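# Overview (structure and organization)
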Amino acid sequence: MTITGELLIDGGARPGTGGAIHAVDPSTGATLDVTFGGATKADLDEACALAAAAFGPYRATSPEQRAVFLETVAAKIEAIGDDLIVRAMAETGLPRARLEGERGRTMGQLKMFAGVLRDGGWLEARIDPAQPDRKPLPRPDLRLRNVPLGPVAVFGASNFPLAFSVAGGDTASALAAGCPVVVKAHPAHPGTSELVGRAVQEAVKACGLPSGVFALLHDAGIEISQGLVADARIKAAGFTGSRRAGLALTAVAQGRPEPIPFYAEMSSINPVLLLPNALKARGAAIAPDFVAALTQGAGQFCTNPGLILGIDGPELDAFLAATAEVIAKAPAGQMLTPGICKAYTGGVKALAETSGVTEVAHGLEGGHGQGRATLFSVDAATFLATPHLQDEVFGAASLVVRAQDLAQLTQVLAALEGQLTIAVHMEEADTDLARALLPTLELKAGRVLVNGFGTGVEVGHAMVHGGPFPSTSDSRSTSVGSLAIFRFLRPVSYQNLPAALLPVELQDANPLGIARRVDGKVVLA
Ligand SMILES: NC(=O)C1=CN([C@@H]2O[C@H](COP(=O)(O)OP(=O)(O)OC[C@H]3O[C@@H](n4cnc5c(N)ncnc54)[C@H](OP(=O)(O)O)[C@@H]3O)[C@@H](O)[C@H]2O)C=CC1
Ligand SMILES: O=C(O)CCC(=O)C(=O)O
């Protein structure tokens with residue numbers, strides 16, 4: 001498959017004339033081949049008009065048709081072959097094994113949503129049969145199902161060029177829900193985006209769907225990105241990136257004449273809580289696993305463990321010493337873009353210059369565009385008095401907070417911003433303490449895990465990859481796992497509709513054979 005640098009609109013490709021975008025090899029700083037053309041306002045307008053026109057026929061497709069479409073997208077991505085991996089490696093500096101794994105995850109997500117569609121649970125079908133003789137008032141016949149919101153805007157993420165980008169989780173869940181998708185490619189990997197976008201376009205064609213079901217736009221500035229979220233025909237959006245951009249786009253979504261849901265996954269420092277018995281029994285043994293999680297992908301994961309909390313004393317000192325030893329040997333990691341590398345270096349410098357913060361260790365010096373792991377420590381009183389110490393430093397930097405006692409540790413927990421994950425390291429003897437902390441932890445994070453680290457999000461049915469602000473803009477949702485489909489659906493009640501008008505999911509005979517809640521009880525097909 002050839003990369004042309006074009007926009008993908010209306011089932012075809014056309015050059016964008018709204019400015020030029022070049023991919024950069026972050027390991028050399030060299031500009032890669034192919035110039036990508038940014039979209040103009042006219043391109044944006046056409047992509048949104050086509051998405052709006054496609055919405056009716058696309059949402060009228062059966063769940064089975066959409067399931068086959070998602071499986072076709074997965075097959076077409078696989079069919080791109082090694083070209084996809086080679087281009088993604090050049091554009092992101094991520095290693096082959098990681099990208100091959102990410103491609104598998106991307107295809108797995110698409111297939112998971114195909115399964116979700118066939119299962120029917122996403123419809124949340126409910127029937128409260130009429131009770132004409134109920135006193136004092138009769139009950140009407142009420143039936144409920146979920147319907148899609150409408151065209152969805154998706155922003156590709158820099159740090160997951162496949163699984164959180166053009167055909168990533170946001171796109172897969174929106175398409176599954178019955179929503180056409182207009183993707184804004186991340187400028188850090190435009191060629192990878194085009195290859196995947198072409199695969200989606202081929203799947204749209206192969207499945208006989210309207211061309212407006214999918215479009216891919218590049219943006220040479222921020223005007224098209226903002227215009228996409230502002231466009232009246234877009235009814236929801238998914239985003240992964242910085243707090244700054246996430247908030248700017250949330251403001252656009254909320255400032256429209258018709259505000260829309262904007263699902264932004266933003267910053268999280270993923271606290272790791274080292275409970276006293278775990279520190280005592282195996283503080284030093286936790287160190288290598290922690291450093292592995294910290295340095296994975298040069299720390300460029302939103303689930304990266306950026307904060308360690310423990311009670312000060314010899315056990316925490318032993319953990320710090322063991323960690324420092326491992327970090328000192330850790331090779332530097334390739335950062336995704338020169339901008340992200342610069343932001344990381346700046347974040348580390350700001351931490352180092354913060355009064356009361358001490359550098360415990362740093363990793364090996366790196367080459368061009370690489371970031372080295374750095375570990376800092378601070379006492380809890382300083383942490384509590386210095387709000388910017390909670391800011392995400394995107395990369396392999398982490399801060400150990402030393403609390404005087406349990407009371408101060410609890411105070412630190414209470415002061416934390418919202419997180420994607422909180423990890424607790426504990427022994428059986430810590431169970432009572434962990435039980436006491438759990439009500440706080442579950443209010444702070446979308447996922448609480450024990451004796452592990454939050455990196456490597458499992459794609460499944462019980463996963464929440466979300467959390468209170470600022471980890472996301474809407475803590476009621478997830479961007480990973482099958483629950484993600486609910487971001488792009490809304491419930492509709494049908495009251496006293498004649499049988500001839502009832503949607504197929506709600507007809508008495510249950511022709512789709514799906515589980516439904518009838519008169520309050522779940523009735524399996
Ligand atoms: N927590 C996490 O998971 C992640 C955090 N980050 C953080 O973001 C920083 C920058 O990385 P990056 O991936 O580029 O993320 P950004 O959040 O800066 O950008 C994400 C997307 O939003 C667009 N964008 C940025 N600002 C605006 C705006 N004001 N209005 C409209 N669109 C906008 C970008 O386009 P353009 O680039 O053309 O401006 C890009 O397509 C990192 O250093 C890190 O701190 C990044 C990735 C993941
Ligand atoms: O760790 C993962 O698998 C997902 C992390 C993520 O969502 C991110 O870094 O943006």
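Residues numbered from 1 in each chain as written. Chains lettered and ligands numbered in written order. Predicted model: local features only at pLDDT ≥ 70, side-chain atom pairs only at ≥ 80, totals over all residues. Heavy atoms only, no water.

The name an unreviewed UniProt entry assigns to the protein is NADP-dependent aldehyde dehydrogenase, from the organism Caulobacter rhizosphaerae.

### A closer look at the overall build of the protein
Put simply, the test is: In this text, helices come from DSSP runs of H or I with a minimum length of four residues, and strands from runs of E with a minimum of two, each type numbered from the N-terminal end. The reference for a compact globule is 2.2 Å times residues^0.38; the radius of gyration itself is calculated from the C-alpha atoms. Note on classification: 1.4 Å probe, protein chains only; a residue is buried when its accessible area is under 20% of the maximum for its type, exposed when over 50%, partly exposed between these limits.
Looking only at helices and strands, one finds 14 helices and 23 strands in the protein. For a compact globule of 525 residues, the expected C-alpha radius of gyration is about 24 Å, and the protein comes in at 25 Å, within 12% of that figure. When the backbone C-alpha atoms are referred to their principal axes, the protein occupies close to 75 × 65 × 40 Å. Residues classed as buried in the protein amount to 55% of the 525 residues present.

### What about the pattern of salt bridges?
Rules: By convention in these notes, a salt bridge is any Lys or Arg side-chain nitrogen within 4 Å of a carboxyl oxygen on Asp or Glu.
Going through the model one piece at a time under the given rule, you end up with 29 salt bridges. Aspartate 432 is the salt-bridge partner of arginine 435, the closest N and O atoms lying 2.9 Å from each other. Placement of both arginine 435 and aspartate 432 in helix α14 (residues 431-444) is noted, with a separation of 3 residues, approximately one turn of the helix. Exposure remark for arginine 435: the relative accessible area of 54% places this residue in the exposed category. Here aspartate 474 ties to arginine 476 by a salt bridge, and the two come within 2.9 Å at their closest N and O atoms. Here arginine 476 falls in the exposed class, since its relative accessible area comes to 75%. Bridged by salt links that share partners, the residues Glu6, Glu194 and Arg198 form one connected network.

### A word on the sheet that holds strand β6 (residues 142-148)
Just so we agree on the cut-off: At least two bridges found by DSSP between two strands is the condition for calling them paired. Fitting a line to C-alpha atoms yields each axis, with helices limited to the stretch in contact; the angle taken between N-to-C directions then spans 0 to 180 degrees.
If you trace the 5 strands from one edge of the open sheet to the other, you get β21-β6-β5-β22-β23, paired in mixed fashion. Both edges of this open sheet fall to β21 (489-495) and β23 (521-523), since each of them pairs with a single strand only. In this sheet, adjacent strand axes meet at a mean angle of 25° when their direction is disregarded.

### Brief notes about the site of ligand 2
Convention followed: One heavy atom within 4 Å of a molecule or strand is enough for the residue carrying it to be called near that molecule or strand. Throughout this description, a polar contact denotes any pair of N or O atoms lying within 3.5 Å of each other; where both atoms belong to protein, one of them has to be capable of donating a hydrogen while the other can accept it, and for residues adjacent in sequence the pair is counted only when both atoms sit in side chains. With residues, only the protein chains shown are counted as cover, and all accessible areas are computed by Shrake-Rupley using a 1.4 Å probe. Residue type decides the class: Asp, Glu, Lys and Arg count as charged, Ala, Val, Leu, Ile, Met, Phe, Trp, Tyr, Cys and Pro as nonpolar, and the leftover types, Gly among them, as polar.
Taken together, Arg105, Asn159, Phe160, Phe164, Thr240, Glu265, Phe301, Cys302, Thr303, Gly456, Val457 and His465 make up all the residues around ligand 2. Between an oxygen atom of ligand 2 and a main-chain N or O atom of cysteine 302, the distance comes to 2.5 Å. At 3.2 Å from an oxygen atom of ligand 2 is found a side-chain nitrogen or oxygen belonging to threonine 303. When the free accessible area of ligand 2 is taken as 290 Å², the share hidden by the protein chains comes to 99%. Among the residues forming the shell around ligand 2, the class breakdown is 5 nonpolar, 5 polar and 2 charged.

### Quick look at the domain arrangement of the protein
Quick reminder of the rule: Start and end positions for the domains come from either an automated domain assignment or a database one. Residue contacts follow a heavy-atom distance rule, with two residues in contact if any of their heavy atoms lie within 4.5 Å. Once two parts are brought into contact, the accessible area they lose, counted with a 1.4 Å probe and summed over both, makes up the buried area.
With domains assigned, the protein is organised as domain 1 (41-266 + 476-487) and domain 2 (275-302 + 310-412). The C-alpha-based centres of domain 1 and domain 2 are spaced at 35 Å. Contact residues are listed per partner, giving 12 residues for domain 1 and 11 residues for domain 2. Buried area between domain 1 and domain 2, both sides added, is near 800 Å², and the carbon and sulfur share of it is 58%. Contact with domain 2 buries surface across domain 1, with Thr92, Ser158 and Asn159 losing the most and accounting together for 38% of the total. Where domain 1 meets domain 2, there are 0 salt bridges. Here the residues of the side of domain 1 that touches domain 2 are counted per class, giving 4 nonpolar, 4 polar and 4 charged.

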